[in-house]
Amino acid sequence: MKERISNYFEFNKLGTSYRQETIAGLTTFLAMAYILFVNPSILSLSDIKDFPEALRMNKEAIFVATSLAAAYGSILMGIYAKYPIALAPGMGLNAFFAFNVVLGMGIPWQTALAGVFVSGIIFIILSLTGLREQIINAIPIELKLAIGSGIGFFITFVGLKNSGIIVSNPATFVSLGKLNEPAVLLTIFGLVITVVLMARKIKAGVFLGMIITAIAGMIFGIIDLPSSVVGPVPSIAPTFGQAIKHIPDVFSSGKMFAVVLTFFIVDFFDATGTLVAVANQAGLLKENKLERAGKALMVDATAVVVGSTLGTSTTTSYIESTAGVAAGGRTGFSAVVTGILFLLALFFAPLLGVVTAAVTSPALIVVGVLMVSSIGQIDWKKFEIAVPAFFTIIAMPLTYSIATGIAVGFIFYPISMIAAGKAKKIHPVMYVLFVVFLLFLAYFRE
């Protein structure tokens, strides 16, 4: 059996081993394990004190859904597509789900999950028909990069707001909070620790930063001690199947059209970009072509459907997989290891109680920094490109909406390009999206 597994994953051909792949899988898990605690915190809106309890998602059920979705996506990616890429509910999309759709638009979380489910079905169809490449080519690279950067700024702003470092101000809209409050001081401590760990190139820097911050919070009485560390797996019943049950609700509201479109667009490019980036680092990109790319994208698409059925926002490929590749991961076996570790994590649900805003905020801020890195690849010297890219980025944190940022950027792109005399370079799909997002801002946003 051991030899058959080795042959299936082509250990000898790719110059790897069981030990190397196992270490890589563990490294990837540690680099992205923060999502197990950050995702339930975000989706349940636990840091929004005045949000009605009856309208919140169940935090423990989200934890289970997150673990299972990550395990499913990672193991299937490893076995079926044979790539060292792990999956989990994506940062940015979970913030859009919670803060824009549920909190901002007032859409019930059950309907929002149904929207994620529908976006996954669309992703599957496009992956099967081959339309994926056409859509990717239609949207200019600068807007793709701007979307990722804008989400980075948005996530950082969410972290600063939830922690109390940034607060509302009637005169200036936002201002610096009271930095001498215990929870704020703990957040700043956590941020410094996480930055130091990441700067020292510690692969699990974000996760370790959360652990150290939580321990410090418990030592100084800012965070209550957990009743236990290991416990029985919580029930997933509160969220399981709600997405399928509420599919009809998706088509009863004009607002949900833009929501589904945003879920789809962001995951679509995030999955593609992550796949190419990780494969390139692992030396799996041959003559600028990616073998089994269709299988990898199909795994990503089915993970969206499975994850939403379980009860979590969009599941997608994680760029943190590069940490595992750096540790020697070259085959899908490392992704399988990561998936198994996510299953084992199901027994650590009691730790959810110590993951407060002060613990998750540093992670949000630092992940935002990582996402903004793509901003340097945008050609800012071309004004017709700089305008839609800039509006996409700046609109997300200022309007507290990822969807609005995408809409503004996609509206200004054809305007600036036509004004610059480059109308022939605009793909017809962009004109369709121009109309779609114009209608979204005019009629469906609120």
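For the structure given in this document, a descriptive report is provided here. The shown structure was predicted, so the numbers you read here are calculated from the model rather than taken from an experiment.

### Concerning the overall build of the protein chain
Moving on, step 1. Scanning the protein chain from terminus to terminus reveals 21 helices and six strands.
Moving on, step 2. Computed over C-alpha atoms, the radius of gyration of the protein chain comes to 21 Å, within 12% of the 22 Å expected from 2.2 N^0.38 for 446 residues, which places it in the range of a compact globule.
Moving on, step 3. Projecting the C-alpha coordinates of the protein chain onto the three principal axes gives extents of approximately 60 × 60 × 45 Å.
Moving on, step 4. For the protein chain, buried positions account for 57% of its 446 residues.

### As for helix α5 (residues 59–81)
Moving on, step 1. Between its terminal C-alpha atoms α5 stretches 32 Å, which fits the 33 Å expected from 23 residues at 1.5 Å a residue.
Moving on, step 2. The backbone nitrogen of E60 has a side-chain oxygen 3.1 Å away, supplied by the residue at the start of α5, namely N58.
Moving on, step 3. The first or second residue beyond α5 is K82, which carries a positive phi of 60 degrees.

### A word on unusual backbone geometry
A negative phi angle characterises most non-glycine residues, just as the trans form characterises most peptide bonds.
Moving on, step 1. In the Ramachandran plot, L45 falls in the positive-phi region, its phi being about 55 degrees despite a non-glycine side chain.
Moving on, step 2. If you trace the backbone, L45 turns up in the loop between α4 (35–43) and α5.
Moving on, step 3. On the accessibility criterion, L45 (2% relative accessible area) is buried.
Moving on, step 4. Phi at F173 is positive, roughly 75 degrees, even though this residue is not glycine.
Moving on, step 5. Mapping F173 onto the fold places it in strand β3 (residues 173–176).
Moving on, step 6. Of the residues examined, F173 reaches a relative accessible area of 72% and is grouped as exposed.

### Focus on the pairing of β3
Moving on, step 1. Sheet topology places strand β2 (residues 166–169) next to β3; four bridges connect them, and they run antiparallel. Bridge assignment links N169 to a residue of β3, and that residue is F173.
Moving on, step 2. Adjacent in sequence and paired antiparallel, β2 and β3 are bridged by three residues.

### A word on the packing of helix α7 (residues 109–129) against helix α15 (residues 293–310)
Moving on, step 1. For the pair α7 and α15, interaxial distance at closest approach is 8 Å and the crossing angle is 160 degrees. Between α7 and α15, the angle is such that the two are roughly antiparallel. In terms of crossing hand, the pair formed by α7 and α15 is left-handed. The residues of α15 that touch α7, namely those facing L113, V116, F117, S119, G120, I121, F123, I124, S127 and L128, are L297, M298, D300, A301, T302, V304, V305, S308 and T309.

### Brief notes about a nonpolar patch on the surface
Moving on, step 1. Among the surface-exposed residues, F189, I202, L208, I211, I212, I215, I219, F220 and I222 lie close enough to one another that they form a single nonpolar patch of about 770 Å² accessible area.
Moving on, step 2. Of note, F220 is situated in the loop between α11 (205–219) and α12 (242–245).
Moving on, step 3. With relative accessibility at 67%, the residue F220 sits in the exposed group.

### Here's the deal with the packing of α4 against helix α6 (residues 93–104)
Moving on, step 1. One can describe the packing of α4 onto α6 by two numbers: an axis separation of 8 Å at closest approach and a directional angle of 20 degrees. Compared by their axis directions, α4 and α6 come out roughly parallel. Residue-level contacts link I35, N39, I42 and L43 of α4 to N94, A95, F97, A98 and F99 of α6.
Moving on, step 2. Classifying every residue of the contact of α4 with α6 gives seven nonpolar, two polar and no charged.

### Here we look at the packing of aromatic side chains
Moving on, step 1. Tallying each qualifying case throughout the model produces 17 aromatic pairs.
Moving on, step 2. Each ring, one from F37 and one from F63, has its centre 5.9 Å from the other, and the planes form 35 degrees; the classification is tilted. You can see F37 sitting in helix α4 and its partner F63 sitting in helix α5, a full 26 residues away along the chain.
Moving on, step 3. Judged by its relative accessible area of 9%, F37 is buried.
Moving on, step 4. According to the relative accessible area criterion, F63 is buried, its value standing at 0%.
Moving on, step 5. Summarising the aromatic geometry, the rings of F390 and F391 are spaced 6.1 Å apart at their centres and angled 50 degrees between planes, so their arrangement reads as tilted.
Moving on, step 6. For F390, a relative accessible area of 43% gives the class partly exposed.

### Describing the nonpolar core
Moving on, step 1. Membership of the largest hydrophobic core comes to 128 residues, with the highest contact counts inside it found for Y34, M91, F97, F99, F410 and F437.
Moving on, step 2. If one sorts the elements of this core by residue count, helix α14 (residues 255–281) sits on top with 14 residues.
Moving on, step 3. Apart from residues no more than four positions distant in its own chain, F437 is found in contact with L261, I265, I406, A407, F410 and I411.
Moving on, step 4. Counting residues in hydrophobic clusters, the runner-up holds five residues, among them F9, F11, F333 and V337.

### Overview of helix α9 (residues 141–163)
Moving on, step 1. In this model α9 runs 34 Å from its N-terminal to its C-terminal C-alpha over 23 residues, within 8% of the 33 Å that 1.5 Å per residue would give.
Moving on, step 2. Downstream of α9 by a residue or two, G164 has a phi angle that is positive, lying close to 90 degrees.

### Examining the side chain of S163
Moving on, step 1. Residue placement: S163 occurs in helix α9.
Moving on, step 2. Polar contacts involving the side chain of S163 include one to the main-chain carbonyl oxygen of L160, which spans 3.0 Å.

About the criteria used
- Residues numbered from 1 in each chain as written.
- Predicted model: local features only at pLDDT ≥ 70, side-chain atom pairs only at ≥ 80, totals over all residues.
- Heavy atoms only, no water.
- Helix = DSSP H or I, 4+ residues; strand = E, 2+ residues; numbered from the N terminus.
- Rg over C-alpha atoms; globule rule 2.2 N^0.38 Å.
- Buried < 20%, exposed > 50% of the residue type's maximum accessible area, 1.4 Å probe, protein only.
- Expected span 1.5 Å × (residues − 1).
- Polar contact = N/O pair within 3.5 Å; in protein donor to acceptor, adjacent residues only side chain to side chain.
- Pairing = 2+ DSSP bridges.
- Axes fitted to C-alpha atoms, helices over the stretch in contact; angles between N-to-C directions.
- Parallel < 35°, antiparallel > 145°, perpendicular 65-115°, else oblique.
- Left-handed = near helix turned anticlockwise from the far one by under 90°.
- Contact = heavy atoms within 4.5 Å.
- Patch = residues over 30% accessible without salt bridge, like charges linked within 9 Å, V, L, I, M, F, W, Y side chains within 5 Å.
- Areas by Shrake-Rupley, 256 points an atom, 1.4 Å probe, with all protein chains shown as cover.
- Salt bridge = Lys/Arg side-chain N within 4 Å of Asp/Glu carboxyl O.
- Nonpolar A, V, L, I, M, F, W, Y, C, P; charged D, E, K, R; others polar.
- Phe/Tyr/Trp six-rings, centres within 6.5 Å; stacked < 30°, edge-to-face > 60°.
- Core = buried A, V, L, I, M, F, W, Y, C linked by side-chain atoms within 4.5 Å.

Note that every value here comes from positions in space, so none of it alone points to a role or purpose.
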